[in-house]
Amino acid sequence: MLKTIQEKLKEPLNESTRLSRKYLMLSSFVGVLVGNVGLIPDKITAFGISFTPSNQAALITLLCAVVIYFLINFLTFIYSERITYKFSEISEIIESEKKRSEESLLNHIFIQDIEVEVDRAVLKVKSVVRIRMLIEVFIPVVFSMYASFSLMLKLATV
């Protein structure tokens, strides 16, 4: 269990989840710019494209759909990581129980004393991991929800 916790403390999210979070934050940022700041292009002169109000509404709808897609994608990755983390915890507990059953009674008493100290340290580390996960998961989710809501409000006014 210590190995799994140490790995999560170093980097609580794997590479694909971090990439998904990056896309979620980027699309949410653009969503907030469009929804709150009103940064909707009227025309792109370089390409000679003009946006009518219906085109702008379609653009906002598309952006809102993109934000919601990345939110669902990110939450799916987080859920998958949580399940993987739990499975690794369970397998480490099973392995430690196998080792414990093979040890003598005297060793077991000594190991119990050490395990009490280890358990205290594990609780501290787990709380830090939970705080990091809260920051790395909660903030992107709330930000994307805010962006989606802003885009929906903007869509109602276009």
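As a reminder, the structure under discussion sits directly above these lines.
Let us look at the structure shown here. Since the structure is predicted, the reported quantities are computational estimates derived from the model, not experimental observations.

Structural notes on the nonpolar core
(1) Moving on: Counting residues in each nonpolar core, the largest one holds 9 residues, listed as Val32, Val34, Ile40, Ile60, Leu63, Cys64, Val67, Ala147 and Leu151.
(2) Moving on: Residue assignment for this core shows that the elements contributing at least two residues are helix H2 (15–37), helix H3 (53–102) and helix H4 (105–157).
(3) Moving on: Broken down by element, the residue count for this core peaks at 4 residues, all from H3.
(4) Moving on: Setting aside anything within four residues of it in sequence, one finds Ile60 in contact with Val34, Ile40, Leu151, Lys154, Leu155 and Val158.
(5) Moving on: Grouped together as the second largest cluster of nonpolar side chains are 8 residues, Leu24, Leu71, Phe74 and Val141 included.

Observations regarding the environment of Val158
(1) Moving on: Along the chain, the position of Val158 falls in the segment after H4.
(2) Moving on: A relative accessible area of 37% means that Val158 is categorised as partly exposed.
(3) Moving on: In contact with Val158, other than residues within four places in its own chain, are Ile40, Pro53, Gln56, Ala57 and Ile60.

Brief notes about the packing of aromatic side chains
(1) Moving on: Scanning all chains against the criterion turns up 2 aromatic pairs.
(2) Moving on: Centre to centre, the rings of Tyr23 and Phe70 are 5.6 Å apart; their planes meet at 35°, and the pair counts as tilted. Here Tyr23 is found in helix H2, whereas its partner Phe70 is found in helix H3, with 47 residues between them in sequence.
(3) Moving on: The class for Phe70 is buried, based on a relative accessible area of 18%.
(4) Moving on: Through pairs of rings, three or more aromatic residues link up here, namely Tyr23, Tyr69 and Phe70.

About the cut-offs
Residues numbered from 1 in each chain as written. Predicted model: local features only at pLDDT ≥ 70, side-chain atom pairs only at ≥ 80, totals over all residues. Heavy atoms only, no water. Core = buried A, V, L, I, M, F, W, Y, C linked by side-chain atoms within 4.5 Å. Buried < 20%, exposed > 50% of the residue type's maximum accessible area, 1.4 Å probe, protein only. Helix = DSSP H or I, 4+ residues; strand = E, 2+ residues; numbered from the N terminus. Contact = heavy atoms within 4.5 Å. Phe/Tyr/Trp six-rings, centres within 6.5 Å; stacked < 30°, edge-to-face > 60°.

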